[in-house]
Amino acid sequence: MSEIVFKAVTKTFRLPRGGEFLAIDTTDLRIEEKEFVAIVGPSGCGKTTLMRMAAGLEFPSSGSVEVGGKRVVGPGPERAVVFQQFALMPWKTVRENIGFGLMCRGAPKAEADAAIGRYIELMGLSGHEDSFPHQLSGGMQQRVAIARAYVMNPAALLMDEPFGALDAQTRIVMQEELVRLARRNPRTVIFITHAVDEAIYLADRVVVMGRKPGRIIETIDIKPLRAEGGWEEMPIEEVMDTPAFTHMRSRIWKLLKAREQAAADH
Amino acid sequence: MAAGNALLRPSRAVLVGTATVLAVLGLWWLATSGLRLLNPLRLPAPSEVWAAFQQINGRGYAGATLIEHALHSLGLVARGFAVAVITGVPLGLLMGWSRRAEALVNPIFLLLRPIPALAWIPLAIVWFGLGDTGKVFVIWLTAFVPSVINAFTGVRQVDTILIAAARTQGASTAQVLRHVVIPGAMPMIFTGLRLSLQASWTTLVAAELVGAFFGLGRVLNIAGQDIYPGMILVGMAAVAVCGAGTTWLLGLLERRVLNWRPAV
């Protein structure tokens, strides 16, 4: 079991000049096993902080985060993280970067090599196995980071704006590939983004967050739309042209805008 | 075009470098032998330096041949430098990784650091005499500092997101240190090694000037007492060649260890 449950989570930061800042107000969120949830919201809404709490890289000020029924007390290989800045070790080759977690786990070499080879092929990295990260484009580097996450066979995948540093074309290719990958290897996924399109296209459910203080405004089910529209059989640009998609996009935009307005008036 | 430039650039640099050296040698010859502008007791002519070079290679000077002096100095630098690196780099890594270690060591370090190498030499002579041990000790003290500081800075500059990423992949603290922190600090560690090596040569020559039985500093010291400018220049050139040679060797090692860096 690998459902992710946020129970009455808050996060406050102490300000350098005294006083406290409420980054996340009391938040409850349950992500079911093998559900793909995208969290959208403006900078400063606490979406990345929520993900980092599930990763065990940050901790709630009150409340709790549980993954698979166990309270998160630190990072662990069953919760793989994909960072916006790729976070590849520059001194390790593509193969060594992908295999690092397996090596830490002490996986038998033959088994590790087979798994690494499978994901190198799946992510279109063949021929770059012995390259160093600086020899690859941003898109290729993020493919390595995604392969590195999947190769651990994690129960949950936590992605923090993984395509945020990529150019528009590369981004679209990666979004399509992630859909393909997620269908082939369903996992519990938290996908952080500020791109509404990306959230609707990728996720089963979109969580919309606002700021001041950070909290969930609304949670929207996308799965029925995708099934009805047959999105998974269509190229991304056609999906984004369907009335159902554009309607959903404006609905989320209105939610975000209304919340920003309210925060500004406050 | 770009490929042509890349091919041309190194050879052009070599040509310019060679031309500069030849020009300086030419000016030297003109100023001393050609036009006799300078008093040979101030700056000897190339022929006198050559004669001194032949003398120290054949009969020897200050108790040994040039090769013997140079090897003696090289051996001391190698020992002092090695001890400094073996002790300094781990201490710097520890201070960079652990705030507690930093708090413990830093005050002593800050007090010792401003003392110049030369100021240690009298104490080293009192403790160890004029033999090798005192010189290795003084080289260690001065070469130690850049190794520590740069290893420390290197650890502090390691991208924290790489450490976080390693932890999310299940790396233990030992694995984080071995695979993330130390490789990440390595470019700065090498900067420290280069500075330590320079400090080793500076300190060694200073220590041998004060008192030694062999070595390039001893050659310089005796040549000074004999008012023998040709031999002084031979000694200085030998220090330059040894220093440049060891720096070049370190550079080879650096390129091999840091092969993952983009070419500059």
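Per chain, the residues get numbers from 1 upward, laid out in the order the sequence is written. Each chain gets a letter, beginning with A, and each ligand a number, beginning with 1, in the order they are written. With pLDDT at 70 or above as the cut-off, local features in this predicted model cover only qualifying residues; side-chain atom pairs require 80 or more to be listed or tallied, and sums for whole chains, interfaces and linings still use all residues. Side-chain descriptors were evaluated using all non-hydrogen atoms of the structure, hydrogens and water having been removed beforehand.

**Student:** What exactly am I supposed to notice about the interface of chain B and chain A here?
**Tutor:** It is common to report an interface's size as the accessible area lost on association of the parts. Note on definitions: a residue-residue contact is assigned when non-hydrogen atoms from the two residues lie within 4.5 Å. On the side of chain A, 23 residues touch chain B, which itself brings 19 residues to the contact. Here chain B meets chain A over a buried area of about 1,800 Å², counting both sides, of which 73% is carbon and sulfur. Its largest share of buried area at the contact with chain A, chain B owes to B:T168, B:Q169 and B:W260, together 38% of the area lost on that side. Whenever two N or O atoms come within 3.5 Å, that pair is a polar contact, provided that in protein one can donate a hydrogen and the other can accept it, and provided that, for residues adjacent in sequence, both atoms are side-chain atoms. Viewed at the interface, chain A and chain B are joined by three residue pairs in polar contact (both at pLDDT 80 or more). Going through the elements one at a time, α7 (160–168) and α8 (173–210) of chain B are the ones with two or more residues in the side of chain B that touches chain A. No other element matches the seven residues that α7(B) contributes to the side of chain B that touches chain A. Looking at the side of chain B that touches chain A residue by residue, the classes come out as 10 nonpolar, seven polar and two charged. Two parts placed together each lose some accessible area under a 1.4 Å probe, and the buried area is that loss summed for both. A run of H or I in DSSP counts as a helix once it spans at least four residues, and a run of E counts as a strand once it spans at least two, with each numbered from the N terminus. Gly is placed with the polar residues, together with every amino acid not listed as nonpolar (Ala, Val, Leu, Ile, Met, Phe, Trp, Tyr, Cys and Pro) or charged (Asp, Glu, Lys and Arg).

**Student:** I would appreciate a short explanation of the sheet that holds strand β2 (residues 20–31) of chain A in the present structure.
**Tutor:** All names here are of chain A. Spatially, the four strands line up as an open sheet ordered β2-β1-β4-β5, and their pairing is antiparallel. Of all the strands in the sheet, the pair left with one neighbour each is β2 and β5 (70–71). When DSSP finds two or more bridges between a pair of strands, those strands are recorded as paired. The pairing of strand β4 (residues 62–67) with β5 spans two bridges and is antiparallel. Of the residues in β5, the one forming a bridge with E66 is R71.

**Student:** What's the story with the packing of helix α3 (residues 66–97) of chain B against helix α10 (residues 229–257) of chain B in this structure? I'm lost.
**Tutor:** Describing two packed helices takes the angle between their axes plus the distance from one axis to the other. Residue and element names in this part refer to chain B. Axis definition: a line fitted to C-alpha atoms, over the contacting stretch in the case of helices. Angles run 0 to 180 degrees between N-to-C directions. Contact geometry for α3 and α10: axes closest at 11 Å, N-to-C directions at 45 degrees. In this view, α3 runs oblique relative to α10, as classed from their interaxial angle. Both α3 and α10 take part in a crossing whose hand is right-handed. Contact residues: α3 offers L66, A70 and L74, while α10 offers V234, A238, C242 and T246. Residues that form the contact of α3 with α10 fall into these classes: six nonpolar, one polar and no charged. Here is the rule for angles: anything less than 35 degrees is roughly parallel, anything more than 145 is roughly antiparallel, 65 through 115 is roughly perpendicular, and the remaining ranges are oblique. Take the far helix as your reference; a near helix turned counterclockwise from it by less than a right angle gives a left-handed crossing, and one turned clockwise gives a right-handed crossing.

**Student:** Mind showing me how you'd approach the pattern of salt bridges here?
**Tutor:** Once the charged atoms of two side chains with opposite charge are near each other, the side chains can pair. Residue and element names in this part refer to chain A. In what follows, salt bridge is the name for a side-chain nitrogen of Lys or Arg lying within 4 Å of a carboxyl oxygen of Asp or Glu. The tally for this structure, following the rule as stated, stands at 23 salt bridges over all chains. Here R211 makes a salt bridge to E260, at a shortest N to O gap of 2.7 Å. In this pair, R211 is assigned in the loop between β9 (205–210) and β10 (215–221) and E260 in helix α9 (residues 243–265), connecting sequence segments 49 residues apart. Classification of residues uses two cut-offs on accessible area relative to the type maximum, computed with a 1.4 Å probe and protein chains only: under 20% is buried, over 50% is exposed, and between them is partly exposed. Using a relative accessible area of 28% as the deciding quantity, one classes E260 as partly exposed. Two residues, R251 and E218, come together in a salt bridge whose shortest N-O distance is 2.9 Å. Note that R251 is positioned in helix α9 and E218 in strand β10, a separation of 33 residues in sequence. You can call R251 partly exposed: its relative accessible area is 36%. Each of the salt bridges in this network shares a partner with another, and the network as a whole consists of R183, D204, R226, E232 and E233.

**Student:** Mind showing me how you'd approach the side chain of A:Q141 here?
**Tutor:** All names here are of chain A. Mapping Q141 onto the fold places it in helix α4 (residues 138–150). For Q141, a relative accessible area of 16% translates into the label buried. Discounting residues that sit within four places of it in the chain, Q141 has contacts with F86, L88, P133 and L136.

Note that every value here comes from positions in space, so none of it alone points to a role or purpose.
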